[in-house]
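In case you want the letters, here they are:
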Amino acid sequence: MFDYKKFEDNIVPAMENTLKKWVQEHDDIYIMSLDCARDMTSIGIIANTQ
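Read on for a plain summary of the structure. (Residues numbered from 1 in each chain as written. Predicted model: local features only at pLDDT ≥ 70, side-chain atom pairs only at ≥ 80, totals over all residues. Heavy atoms only, no water.)

1. Regarding the overall build of the chain
Argument step 1. The helix and strand tally for the chain stands at 1 helix and 2 strands.
Argument step 2. For the chain, the succession of helices and strands along the chain, N to C, is α-β-β.
Argument step 3. Scaling as 2.2 N^0.38, a compact globule of 50 residues should have a C-alpha radius of gyration of about 10 Å, whereas the chain reaches 12 Å, well beyond that.
Argument step 4. Among the 50 residues that make up the chain, the fraction classed as buried is 4%.
Argument step 5. Relative to all contacts within the chain whose residues are 6 or more apart in sequence, the contacts with residues 24 or more apart total 24%.
Argument step 6. In the form shown here, the chain has an accessible surface area of approximately 4300 Å², with 51% of it arising from carbon and sulfur atoms. (Helix = DSSP H or I, 4+ residues; strand = E, 2+ residues; numbered from the N terminus. Rg over C-alpha atoms; globule rule 2.2 N^0.38 Å. Buried < 20%, exposed > 50% of the residue type's maximum accessible area, 1.4 Å probe, protein only. Contact = heavy atoms within 4.5 Å. Areas by Shrake-Rupley, 256 points an atom, 1.4 Å probe, with all protein chains shown as cover.)

2. Some points on the packing of aromatic side chains
Argument step 1. Taken as a whole and assessed by the stated rule, the structure comprises 2 aromatic pairs.
Argument step 2. Aromatic side chains Phe 2 and Tyr 4 sit 4.7 Å apart centroid to centroid with 65° between the ring planes, which places their arrangement in the edge-to-face category. (Phe/Tyr/Trp six-rings, centres within 6.5 Å; stacked < 30°, edge-to-face > 60°.)

3. Describing the pattern of salt bridges
Argument step 1. All told, the structure shown has 1 salt bridge when counted by the stated rule.
Argument step 2. In this structure, Lys 5 engages Asp 9 in a salt bridge whose closest nitrogen and oxygen atoms are separated by 3.1 Å. On the criterion of helical spacing, the pair formed by Lys 5 and Asp 9 is a turn pair, its members being 4 residues apart in helix H1 (residues 4-25).
Argument step 3. With relative accessibility at 41%, the residue Asp 9 sits in the partly exposed group. (Salt bridge = Lys/Arg side-chain N within 4 Å of Asp/Glu carboxyl O.)

4. Considering the environment of Cys 36
Argument step 1. With respect to the secondary-structure elements, Cys 36 resides in strand S1 (residues 29-36).
Argument step 2. When sequence neighbours within four positions are dropped, the list of residues in contact with Cys 36 reads Phe 7, Ser 42 and Ile 43.

Limitation: the analysis is restricted to geometry and does not speak to function.
In structure tokens, the structure reads:
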């Protein structure tokens with residue numbers, strides 16, 4: 001069974017750190033999302049800028 005709580009506990013800080021880094025590089029980020037492969041073998045963070 002997939003441990004969603006562990007996943008959340010690991011991914012949220014990683015997303016926050018990534019967003020902090022990206023905001024220093026791009027001051028026009030207006031949305032950020034998490035992209036997960038259907039089988040959960042791959043995840044990524046996507047952000048859009050103006």
